[in-house]
2 protein chains.
Amino acid sequence: MNGAQALLRTLVDAGVNVCFGNPGTSEMHFVAALDSVPEMRGILGLFEGVVTGAADGYARMADKPAATLLHLGPGLANGLANLHNARRARTGIVNVVGDHATYHKQYDAPLESDIEALATTVGWTRTSTSTEALAADAVEAVKVAQSGRIATLILPADVSWGDGGAAAAPLAAPVRPTVAENVVHAIVDVLRSGESTVILLGNAGTRERALRAASRISQATGVKLFAETFPTRIERGAGVPAVDRLGYLAEQVTWQLTDVRNLVLAGAKSPVSFFAYPGKASDLVPDNCKVHVLAQPDDDIAAALEAIADVVAPDVEPVLQEAKRPELPQGDLTPQNWVDVIGALLPENAVIVDESNTSGLLLPTATAGAPKHDVLTLTGGSIGFGLPTAVGAAVAVPDRPVICLQADGSAMYTASALWTMAREGLNVTTVVLSNRSYAILKLELQRVGADSTGPKALDWLDLSRPDLDFVSLATAMGVPATRAATAEDLADQFRESLAQPGPHVIEAAIPTLF
Amino acid sequence: MNGAQALLRTLVDAGVNVCFGNPGTSEMHFVAALDSVPEMRGILGLFEGVVTGAADGYARMADKPAATLLHLGPGLANGLANLHNARRARTGIVNVVGDHATYHKQYDAPLESDIEALATTVGWTRTSTSTEALAADAVEAVKVAQSGRIATLILPADVSWGDGGAAAAPLAAPVRPTVAENVVHAIVDVLRSGESTVILLGNAGTRERALRAASRISQATGVKLFAETFPTRIERGAGVPAVDRLGYLAEQVTWQLTDVRNLVLAGAKSPVSFFAYPGKASDLVPDNCKVHVLAQPDDDIAAALEAIADVVAPDVEPVLQEAKRPELPQGDLTPQNWVDVIGALLPENAVIVDESNTSGLLLPTATAGAPKHDVLTLTGGSIGFGLPTAVGAAVAVPDRPVICLQADGSAMYTASALWTMAREGLNVTTVVLSNRSYAILKLELQRVGADSTGPKALDWLDLSRPDLDFVSLATAMGVPATRAATAEDLADQFRESLAQPGPHVIEAAIPTLF
């Protein structure tokens, strides 16, 4: 078998059986080899930002990595923004980046560039230098990805087309490292100190099993719980313990952490301001507050929390969120009422991909008591996350409805994800929150203290002139679409979309908050 | 004045008075400062690939750099693919990339990443560390860009918002280095050797002044002329000396350079194969052919060629292309006849941005005798170049009609450039060559010798299921659009588009060549 065939066989035998890709000439042998490894599903994206975002969404829901196939340095570069988000999500991905044949690189052909330098900015990088070594390199890449990191395997064309490839032995799924007993006991002491304490949950700490243990601890000791600001995947809704997220604005976090003396990190990082602002703090840990690490993001966080709960709350039950939905609202859409439509109609077992940005400020409250669901959030702040991530989530859990709540400005970064939804018949309902502005920047322009806000500045925050028409945009890519002006429209169209298989887009005209 | 104001004033005084951008929070002071420097024109792109491609197109036509404004590492990453093309075009660009405040970087906030590592892959990079130093850093960046390279100035938010900024002294336009006399004389000896010789023209060597000198040399000495395969900007058409480009396929180049004993590089690189193929050569210089360098890409190539012509062809006139257009064809569109429509109707003084890829193989012949025009080509092989480059070209030369010939697959990379065309009212007629496939890859799949072409492989080269509708796509972004099925349709719609101001899109259904 050639290198490409050995690589694909190795990936499949290591549990990586979905590859999102956008190939070029240097990847043609990999593409040709897809037919010889039937277990590998290949999914085409029309832009690499779609490909990498889909791999992120897939891994968040499948709890295992997907592969990507990218075309040399420019292909990787196009995918870096969503790889950045995946890095912040601690989502494992195996990028296969084609390169020129080893002997061809010296000629500095037009597509030559420093692929390793690009890849290293998001994680582990290796260039495979021989067909014989390729399978072992691929195993290393999968191991890295299984540990929640981005692994980039650079595949020179001659290594791919060369003969003498052999698949590696199958690779088992990994086990998360266990938190040491002495660490658990030290945290127990903190929780029993009687001082004001917060447990900050991150990574797998926002999944149901961890939340149940954390809720028991909170009930028994009185400590407060928060989830990190932008969780990779948070399980919530009726029957799951509810936990608030730390706010996006530094002022909110300061308020949430008032008088806290101990901050226990369970898979989360210590809170810092998303951006710097003149005269405002960057480190959001209050003065006189000690930070304690219970678990690193990739540790077995749920087991660590359960170990603590078994000590401090042996007979305590978690407090579960009651089932409770908002009333269906009426009238023109507003930032207040559209979220009530979602809360009122969210189907059982949904996955929400949330890039609603400012339009979605009230979403968590409106959906708190909806049927149990997952929410995937924009972990790295690099916009253009929503639509691609929804693709990957829908591929990972095809039997669950995926709801993509998508701000308009961000949608334009990776809109061609809609085409992949149509081609693959994915059950994704996208609601585009069309407020015709980069609304967050209107807020931020004030917050950074920029003293001039003349017409040229405001022009750059404005997405009208011309207005974007997301119904036409979706239709152009084969996705049925409708437009909602009122809460009643949105409810009708949302119900209808959920009742039909395949993707749908609803453009919801929402006034901007700022 | 604050740092941002000093930076903008410095850029304008150095001749950089257009900034394409897509900002975020860390760039808000730069955005706010736009209103205090009225000479700087700010143009919003909805994705950074549009922003950088526009800067490339602008510089190719304006012969001076534009600035870009990009949001941290992910914003730069999104722009890298078109910066790669600009690097290969030797187009100067000044990227201003916002970063976190200097004191904030230590906190590894969500958007933190290694911006310098990314920027270094495309050129010169500097992080400005104080408001006082910013203007001097900007002057260095502009000097680098004036020399035809990509300059990235990383601008921490506190350096931007800090007080104490002062603009630098105005900077004059640069002068291209002159080729030394002894080099000219050595090349004269080669040209007079009587051996079979080719002059390969690149960079400014494909502009009219250089082409006229090269034509005189060719007439006097019998040497053959070729332009590089993908010129940055080639001036051609009636009244300009015609010169063929080297082929894209290695086989074509081998044929074009048969028996050549001397290859004289005038601003071009020595020819190499675009990709490697099993068993085929990478270096396309024939055996027994000597390579001589007359001029580096950034030298004053026209002056060097004129110096030679003054020696070898003092009384010889250049041979100019006759005016000659194809007949207007009839019938269903084909790869053969759509180019004849363009050749028959190309307006005076047009700029063609050519990302027609396989659909445009016959374009050079069909337009050879059309009125004098410029052609900008895909220098770096990174697709998604056409629409953004057309934006920049139209901004640089607003009185000239810009014709963007755009392959469908590549169009999907940076389609939101259409929105910027609409907002700015740019005179761009885009013809989307819709063959519903990555046709080049169908050819390449065979050429690399991939032995299996099963349904999964072919699926990744196919852009149907669903079909892309470029009329809806353009309309969604405020650009009027029509669809042409026949040569008559295309002619009517092309004429109509040219008669109306502002942008238009024509989707032309072309069968795939492969």
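Predicted model only: the values in this text are computed from it and were never measured. (Residues numbered from 1 in each chain as written. Chains lettered and ligands numbered in written order. Predicted model: local features only at pLDDT ≥ 70, side-chain atom pairs only at ≥ 80, totals over all residues. Heavy atoms only, no water.)

1. Here's the deal with the overall build of chain A
For step 1, the next point in the chain: Counting secondary structure elements, chain A contains 20 helices and 18 strands.
For step 2, the next point in the chain: Taken over C-alpha atoms, the radius of gyration comes to 24 Å for chain A, in line with the 24 Å a tight globule of 514 residues would show.
For step 3, the next point in the chain: On the principal axes, the C-alpha backbone points of chain A span a range of 65 × 60 × 50 Å.
For step 4, the next point in the chain: For chain A, buried positions account for 65% of its 514 residues.
For step 5, the next point in the chain: Long-range pairs, those at least 24 residues apart, make up 80% of the contacts in chain A between residues at least 6 apart in sequence.
For step 6, the next point in the chain: Taken as a whole, chain A presents about 16700 Å² of accessible surface, with 51% of it coming from carbon and sulfur.
For step 7, the next point in the chain: For chain A, the distance from the average position of its 37 positive side-chain charges to the average position of its 57 negative side-chain charges is 4 Å. (Helix = DSSP H or I, 4+ residues; strand = E, 2+ residues; numbered from the N terminus. Rg over C-alpha atoms; globule rule 2.2 N^0.38 Å. Buried < 20%, exposed > 50% of the residue type's maximum accessible area, 1.4 Å probe, protein only. Contact = heavy atoms within 4.5 Å. Areas by Shrake-Rupley, 256 points an atom, 1.4 Å probe, with all protein chains shown as cover. Lys, Arg positive; Asp, Glu negative; His and termini not counted. Charge placed at Lys NZ, Arg CZ, Asp CG, Glu CD.)

2. With respect to the relation of the copies chain B and chain A
For step 1, the next point in the chain: Mapping chain B onto chain A calls for a rotation angle of 180° and an axial translation of 0.0 Å; the resulting RMSD is 0.0 Å. Taken together, the rotation and translation relating the two chain copies correspond to the operation of a two-fold axis.
For step 2, the next point in the chain: Both copies contact each other with a shared surface, as 99% of the interface residues of chain B are interface residues in chain A too. (Least-squares fit on C-alpha atoms with pLDDT ≥ 70 in both.)

3. Focus on the domain arrangement of chain A
All names here are of chain A.
For step 1, the next point in the chain: Taken domain by domain, chain A holds domain 1 (3-161), domain 2 (181-312) and domain 3 (338-509).
For step 2, the next point in the chain: Summing both sides of the interface, domain 1 and domain 2 together bury roughly 630 Å²; the carbon and sulfur share of this comes to 33%.
For step 3, the next point in the chain: On inspection of domain 1 and its partner domain 2, the count reaches three salt bridges.
For step 4, the next point in the chain: Measuring nitrogen to oxygen at the nearest pair gives 2.7 Å for the salt bridge that ties D63 to R207.
For step 5, the next point in the chain: Remark: the boundary between domain 1 and domain 2 carries five residue pairs in polar contact (both at pLDDT 80 or more).
For step 6, the next point in the chain: Put simply, the parts of the chain that give the side of domain 1 that touches domain 2 at least two residues each are α3 (48-62) and α4 (72-89).
For step 7, the next point in the chain: The residue inventory of the side of domain 1 that touches domain 2, partitioned by class, reads two nonpolar, three polar and four charged. (Domains from an automatic or database assignment. Buried area = accessible area lost by both parts, 1.4 Å probe. Salt bridge = Lys/Arg side-chain N within 4 Å of Asp/Glu carboxyl O. Polar contact = N/O pair within 3.5 Å; in protein donor to acceptor, adjacent residues only side chain to side chain. Nonpolar A, V, L, I, M, F, W, Y, C, P; charged D, E, K, R; others polar.)

4. Regarding helix α1 (residues 3-13) of chain A
Residues and elements named next belong to chain A.
For step 1, the next point in the chain: The element α1 is largely enclosed, with a buried count of eight among its 11 residues.
For step 2, the next point in the chain: Measuring from the backbone nitrogen of A4 back to the side-chain oxygen at the start of α1 gives 3.2 Å, which picks out N2 as the cap.
For step 3, the next point in the chain: Downstream of α1 by a residue or two, G15 has a phi angle that is positive, lying close to 90°.

5. Brief notes about the sheet that holds strand β5 (residues 123-127) of chain A
All names here are of chain A.
For step 1, the next point in the chain: As summarised here, the arrangement of the six strands in space is β2-β1-β3-β4-β6-β5, forming an open sheet in which the pairing is parallel. Two strands lie at the open edges of the sheet, namely β2 (41-44) and β5, each paired on one side alone. For this sheet the average axis-to-axis angle between neighbouring strands, irrespective of direction, equals 20°.
For step 2, the next point in the chain: Of the strand pairs in this sheet, strand β1 (residues 18-21) and β2 are connected by four bridges, and their pairing is parallel. Among the inter-strand pairings, C19 is bridged to a residue of β2, identified as G42.
For step 3, the next point in the chain: Each of β4 (93-99), β5 and β6 (150-156) touches helix α6 (residues 131-146); the most contacted strand, β6, lies at about 160° to it. (Pairing = 2+ DSSP bridges. Axes fitted to C-alpha atoms, helices over the stretch in contact; angles between N-to-C directions.)

6. A word on the packing of aromatic side chains
For step 1, the next point in the chain: For the coordinates displayed, the defined rule picks out 13 aromatic pairs over all chains.
For step 2, the next point in the chain: Between A:F47 and B:Y413, the ring centres sit 5.2 Å apart and the planes meet at 90°, which makes this aromatic pair edge-to-face. Pair noted here: A:F47 is in the loop between β2 and α3 and B:Y413 is in the loop between α15 (408-411) and α16 (417-424), and the two residues belong to different chains.
For step 3, the next point in the chain: Among the residues examined, B:Y413 registers a relative accessible area of 6% and is labelled buried.
For step 4, the next point in the chain: Where B:F274 meets B:F275, the ring centres are 5.3 Å apart and the plane angle is 65°; that geometry is what we call edge-to-face.
For step 5, the next point in the chain: With relative accessibility at 5%, the residue B:F275 sits in the buried group.
For step 6, the next point in the chain: Site record: aromatic cluster; members linked through ring pairs are A:F47, A:Y413, B:F47 and B:Y413. (Phe/Tyr/Trp six-rings, centres within 6.5 Å; stacked < 30°, edge-to-face > 60°.)

7. A closer look at the pattern of salt bridges
Residues and elements named next belong to chain B.
For step 1, the next point in the chain: Inspection of every chain in the model, using the stated rule, returns 64 salt bridges over all chains.
For step 2, the next point in the chain: Here R400 makes a salt bridge to D374, at a shortest N to O gap of 2.6 Å. Note that R400 is positioned in the loop between α14 (386-396) and β15 (402-407) and D374 in strand β14 (residues 373-377), a separation of 26 residues in sequence. Pair check on accessibility: R400 and D374 agree, each one buried.

8. A word on the interface of chain B and chain A
For step 1, the next point in the chain: Contacts between the two partners involve 100 residues from chain B and, on the opposite side, 99 residues from chain A.
For step 2, the next point in the chain: For the pair chain B and chain A, the summed buried area comes to about 8300 Å², and 65% of that belongs to carbon and sulfur atoms.
For step 3, the next point in the chain: Between chain B and chain A we count eight salt bridges in total.
For step 4, the next point in the chain: For A:R88, the salt bridge identified is with B:D108, shortest N-O distance 2.8 Å.
For step 5, the next point in the chain: Our enumeration of links across chain B and chain A arrives at 52 residue pairs in polar contact (both at pLDDT 80 or more).
For step 6, the next point in the chain: Here the element with the most residues in the side of chain B that touches chain A is helix α4 (residues 72-89) of chain B; it accounts for nine residues.
For step 7, the next point in the chain: Across the side of chain B that touches chain A, the residue classes tally to 54 nonpolar, 29 polar and 17 charged.

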